[in-house]
Amino acid sequence: MLSAREVQHIAKLARIGLTDEEILRFQKDLGSILEYFDILREIDDSSITPRTAALPLQNIARQDIARAKDAQEGQHLLEMAPATKDGYLKVKSIL
Amino acid sequence: MIKELHKKLIAKEISAKEIAESFLARISKIDGELKAFITQTPELAIEMAKVVDAKIANGEKISLLAGIPCAIKDSILMEDIRCTAGSKILEDYIAPYDATVVKKLRQNDAVFIGKTNTDEFSMGASTENSAFGVTKNPHDTTRVAGGSSGGSAACVAADEAVVALGADTGGSIRLPAAFCGVVGLKPTYGTVSRHGLIAMASSLDQVGPLAATAEDAEIVFQAICGKDEFDATALEYHYESLQDFDLKNLRIGVPKEFFGEGLMPAIEQRLKALLQKLEDAGAKIQEISLPHAKYALAAYYILNTSEISANLARFDGIRYGASITRDSKLEIGNLLDVYLRTRGQYLGAEVKRRIMLGTYALSAGYYDAYYLKAQKIRALLKHDFTDAFSKVDVIMGPPSPFLPFKIGERAQDPLAMYLVDLYTVPVNLAGLPAISVPAGQVDNLPVGLQIIGKALQENMLFAVAKDLEKLI
C-alpha cells in the first residue's frame, strides 16, 4: 500500500486531479500492482543488454515537407481547441 | 465469406447496397443489447455501397473487399466520423483524417458500417472500462466479449459485420477473438501502419483484423499491411500466401509454461485434444520452454504504463477533446488547474491508474528498478523465442487462462484483470505475430487456440489456421 502523500505526489507529476476517495482507492490498487512487479527482483540482470524495441530499425526518415489536405486544414485543427487567438492556441496563465 | 459475397456481387446476384442494408438491419435489431458499436455509420455505408454497385454496373474490376461490411475499432481514425477511443475526453472528437489502415480499406472499397466499442484507450480486457457501456458476449450476454477490441470481436461473431479492425497491445485482438469464437490476428510489429491509431503503448501497439474465418482475416491483413511514410516503424512488407504448405512437415512447439498453474483444466483438455488431432494429421509436436515467460506480465505492465504516461500527456484540455475550459460557468485558476481538472474529470479510473503507474516507474530513483529492468526482461524473452523457433515452426497455446467471465466479475480488481493477459503479452514484447483461432467450446462458451509465429511469417499462421479449421 502506498501512502496518501505518495499517491498525491505521483498524481501531481502526472497532472491528474484526484478526489479523496480516488486517492484512497489508488493507494491500495497501485500498492498491490507494484507488489506484483517485485517478481522481477528474482532476476539478476547485471549482464543483460536492454531491448527497447521489437525490431532493429534505425534512422527511418522522410522528406520534411509541409503538407495540408486543403487550405482550410489548419483552420479546422485550430477550431478543435477550446480557445484560440490570432491563429494560436490560447492557454491560461502559468501563475 | 468474403469470397462468396464477392462472387455474388460480380454475378449480380446481390448488390453491395443490399448487403449493407441487411447488415445494418441486423445491427438495428440486436446492437441495442449487444453494444458492439459506439458509433454507427449507416448513411456512409449506403453511400460507399452505391459506389461499389456503380463500379460493378460499369463493368469495372472490383477488389475482394469491395462492398464488404467492415467495422473499425473506435481507437482508429476515420475522417469526419467521431472517434472516442472509449473515453469521455474524446466524446465529441471528430477525426480530422483517415488512419492509413482506413485509407487502405477505402481504396479497396470496403463498406464502413461503424466504430466499435473498446476499453478506454484500449486499457482493459473486457470493454468494461469503456465510457460508453459494456459489449456483451454474443454466446452468453451475461458475459464479457473480451477486450479491448471487444466490439470488433462481438460484431463479427454476431453477424453485424463480415470483418473488423482491432488493435492489439497486449492481447486486445486475440483475447476477444477467443472469447467470441472468431479469428483475430496480431501482426508482426511493423507490418501494419499505426498512423491514425490512437496510441496506447507505441512500442507494442499493432492494428490487425478480426473475421469469422482465417481466409477472411488474411484478405484484410493483405490489404492493410505495408510501408507507410507516416509511421517510421512500418516495414517494407508485401504479403504472399504460403504455397505448398503441408501440415505433415509442421513442427509445433508447446510451451510448458503456458499449460501450468492458472490455466482452467477444461481449456487445457480441449487444447490437448486439438493438439492430438494435429499430431494424428502428421504434425510433429514437442514440448518447449520459454523460461522467462513468467516475468512477461510484470515487464509488460511496466513498459505499457510507462509508454501510456507519455502518450496520454497529449490529453491536456488545450488542443482538442473535452476541457473544463469549455464550461464557461466554471471558475478556473491557472494552467495547472486546467490540466488537473480536465484530466481528473474526463479520464476513467483505469486510465488514471496506468498513467500514474507509468509516471511512478519513470520517476527519479525508480527508473532502473522498473523501466530498465523491464526492457532487459524483454531482451530475455526475445531470446527465449529465438531459441524456441530454432526447433519449431510455430508455437501453440491458450490465448486466455479462462473462459469469458461474467460482467462485473473482475472489474473491481485491476490485477485480476491484468492476469487475463498472461499468455498474450509475451508476443507483443517480442514483436511477433500471433493468431487466435476458434478451438471449439467448453460449457457452451468459445475457446481459442493461440498460434505464435516467427517474425514476418503471417503466411505460416494463416496456412496453419486454415488447415485447423478443417480439423475442428
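Predicted model only: the values in this text are computed from it and were never measured.

### Brief notes about the overall build of chain A
Okay, step 1: Looking only at helices and strands, one finds three helices and two strands in chain A.
Okay, step 2: Listing the helices and strands of chain A from first to last along the sequence gives α-α-α-β-β.
Okay, step 3: Over its C-alpha trace chain A gives a radius of gyration of 23 Å, far above what one expects of a compact globule, namely 12 Å for 95 residues.
Okay, step 4: With the C-alpha coordinates aligned to their principal axes, the bounding extent of chain A is approximately 55 × 45 × 20 Å.
Okay, step 5: When each of the 95 residues of chain A is scored for burial, the buried share is 17%.

### A closer look at the overall build of chain B
Okay, step 1: Counting its regular elements, chain B contains 15 helices and 13 strands.
Okay, step 2: In terms of principal-axis extent, the alpha carbons of chain B reach across some 70 × 60 × 45 Å.

### Quick look at the pairing of strand 11 (residues 394-397) of chain B
Residue and element names in this part refer to chain B.
Okay, step 1: Residues V394 and M396 line one face of strand 11 and the alternating positions I395 and G397 line the opposite face, and both faces are buried.
Okay, step 2: The pairing of strand 11 with strand 13 (residues 445-452) spans three bridges and is classified as antiparallel. Paired with M396 across the bridge in strand 13 is I451.

### Concerning the environment of P433(B)
Residue and element names in this part refer to chain B.
Okay, step 1: Checked against the element boundaries, P433 lands in the loop between helix 14 (425-430) and strand 12 (434-442).
Okay, step 2: C-alpha separation for the pair P433 and A293, spaced 140 residues apart in sequence, amounts to 16 Å.
Okay, step 3: Apart from the residues within four sequence positions on either side, P433 is in contact with K186, P187, T188, G453, Q457, E458 and L461.

### Considerations on the interface of chain A and chain B
Okay, step 1: Taken together, the contact pairs 42 residues of chain A with 50 residues of chain B.
Okay, step 2: For the side of chain A that touches chain B, the elements supplying multiple residues, two or more each, are helix 1 (4-13), helix 2 (20-37) and helix 3 (73-79) of chain A.
Okay, step 3: It is helix 2 of chain A that provides the largest number of residues to the side of chain A that touches chain B, a total of seven residues.
Okay, step 4: Per-class residue counts for the side of chain A that touches chain B are 30 nonpolar, six polar and six charged.

### A few points about the sheet that holds strand 6 (residues 163-168) of chain B
Residues and elements named next belong to chain B.
Okay, step 1: Strand order in the open sheet formed by eleven strands is 1-3-2-6-8-7-12-13-11-9-10, with mixed pairing between adjacent strands. Both edges of this open sheet fall to strand 1 (37-40) and strand 10 (284-288), since each of them pairs with a single strand only. The average undirected angle you get between the axes of adjacent strands in this sheet is 30°.
Okay, step 2: Along the sheet, helix 8 (residues 265-280) contacts strand 9 (251-255), strand 10, strand 11, strand 12 and strand 13; its crossing angle with strand 12, the most-contacted strand, is approximately 110°.

### Here's the deal with the packing of helix 9 (residues 296-311) of chain B against helix 11 (residues 349-362) of chain B
Helix-helix packing is characterised by the crossing angle of the two axes and by the distance between the axes.
Residue and element names in this part refer to chain B.
Okay, step 1: In the contact formed by helix 9 and helix 11, the axes pass within 7 Å of each other and the chain directions differ by 100°. It follows from the interaxial angle that helix 9 and helix 11 lie roughly perpendicular. In this structure, helix 9 uses I302, T305, S306, E307, I308 and S309 to contact helix 11, whose residues at the interface are R354, I355, L357, G358, T359, A361 and L362.

### Structural notes on the packing of helix 1 of chain A against helix 2 of chain A
Residues and elements named next belong to chain A.
Okay, step 1: Running from N to C, helix 1 and helix 2 cross one another at 95°; their axes reach a closest spacing of 9 Å. As the angle between them shows, helix 1 and helix 2 are arranged roughly perpendicular. Taking contact as the criterion, the partners of A4, V7 and Q8 in helix 1 are, on helix 2, I23, F26, Q27 and L30.
Okay, step 2: Classifying every residue of the contact of helix 1 with helix 2 by side-chain character gives five nonpolar, two polar and no charged.

### Focus on helix 2 of chain A
Okay, step 1: For helix 2 of chain A, built from 18 residues, the straight-helix expectation of 26 Å at 1.5 Å per residue is met to within 8% by its first-to-last C-alpha distance of 26 Å.
Okay, step 2: Residues of helix 2 of chain A that are buried make contact with helix 1 of chain A together with helix 9, helix 11, helix 12 (368-388) and helix 13 (414-418) of chain B.

### Let's talk about the nonpolar core
Okay, step 1: Among the nonpolar cores identified, the biggest contains 170 residues, and C70(B), V111(B), L210(B) and I451(B) are the most heavily contacted of them.
Okay, step 2: At nine residues, the largest contribution of residues to this core is made by helix 9 of chain B.

### Regarding the confidence of the model for chain B
Okay, step 1: In this model, chain B carries a mean pLDDT of 97, and residues with pLDDT of at least 70 account for 100%.
Okay, step 2: This prediction of the complex comes with two scores: 0.97 for pTM and 0.95 for ipTM.

### Thoughts on unusual backbone geometry
All names here are of chain B.
Okay, step 1: Following G147, the chain continues to S148 via a peptide bond in cis, the omega torsion being 5°.
Okay, step 2: Positionally, S148 belongs in the loop between strand 5 (140-144) and helix 5 (150-157).
Okay, step 3: Positioned with a positive phi, D244 is a non-glycine residue whose angle comes to about 35°.
Okay, step 4: Along the polypeptide, D244 turns up in the loop between helix 7 (214-224) and strand 9.
Okay, step 5: Its identity as a non-glycine residue notwithstanding, D443 has a phi of 50°, on the positive side.
Okay, step 6: Assignment of secondary structure puts D443 in the loop between strand 12 and strand 13.
Okay, step 7: For D443, a count of 9 C-beta atoms within 10 Å corresponds to the exposed category.

### Quick look at the confidence of the model for chain A
Okay, step 1: On average, chain A scores 91 in pLDDT, and the residues at 70 or more come to 99%.
Okay, step 2: Mean pLDDT in chain A bottoms out at helix 3 of chain A, which sits at 91, and peaks at helix 1 of chain A, which reaches 97.

### Details of the pairing of strand 3 (residues 111-116) of chain B
Residue and element names in this part refer to chain B.
Okay, step 1: Counting buried positions along strand 3 gives six out of six residues, so the element sits mostly inside the fold.
Okay, step 2: As judged from the three bridges shared by strand 1 and strand 3, these two strands associate in the antiparallel manner. By the bridge assignment, F37 is partnered in strand 3 with T116.
Okay, step 3: What joins strand 2 (residues 69-73) to strand 3 is helix 4 (residues 100-107), and the crossover it makes is right-handed.

### A short note on the environment of I56(B)
Residues and elements named next belong to chain B.
Okay, step 1: Relative to the helices and strands, I56 resides in helix 3 (residues 42-57).
Okay, step 2: For the pair formed by I56 and A16, sequence separation is 40 residues and the distance between their alpha carbons is 9.4 Å.
Okay, step 3: In contact with I56, other than residues within four places in its own chain, are L9, K12 and I62.

### Some details on the environment of I23(A)
Residues and elements named next belong to chain A.
Okay, step 1: Mapped onto the elements of the fold, I23 is located in helix 2.
Okay, step 2: Sequence spacing of I23 and Q8 is 15 residues, and the spatial spacing of their C-alpha atoms is 7.1 Å.
Okay, step 3: Aside from chain neighbours lying at most four places away, what touches I23 is A4, V7, Q8 and L18.

Rules and cut-offs
Residues numbered from 1 in each chain as written. Chains lettered and ligands numbered in written order. Predicted model: local features only at pLDDT ≥ 70, side-chain atom pairs only at ≥ 80, totals over all residues. Helix = DSSP H or I, 4+ residues; strand = E, 2+ residues; numbered from the N terminus. Rg over C-alpha atoms; globule rule 2.2 N^0.38 Å. Buried ≥ 20, exposed ≤ 12 C-beta atoms within 10 Å, placed from the backbone. Pairing = 2+ DSSP bridges. Contact = placed C-beta atoms within 7 Å. Nonpolar A, V, L, I, M, F, W, Y, C, P; charged D, E, K, R; others polar. Axes fitted to C-alpha atoms, helices over the stretch in contact; angles between N-to-C directions. Parallel < 35°, antiparallel > 145°, perpendicular 65-115°, else oblique. Expected span 1.5 Å × (residues − 1). Core = buried A, V, L, I, M, F, W, Y, C linked by C-beta atoms within 7 Å. pLDDT = per-residue confidence, 0-100. Right-handed = clockwise from strand over helix to strand, strands pointing away.

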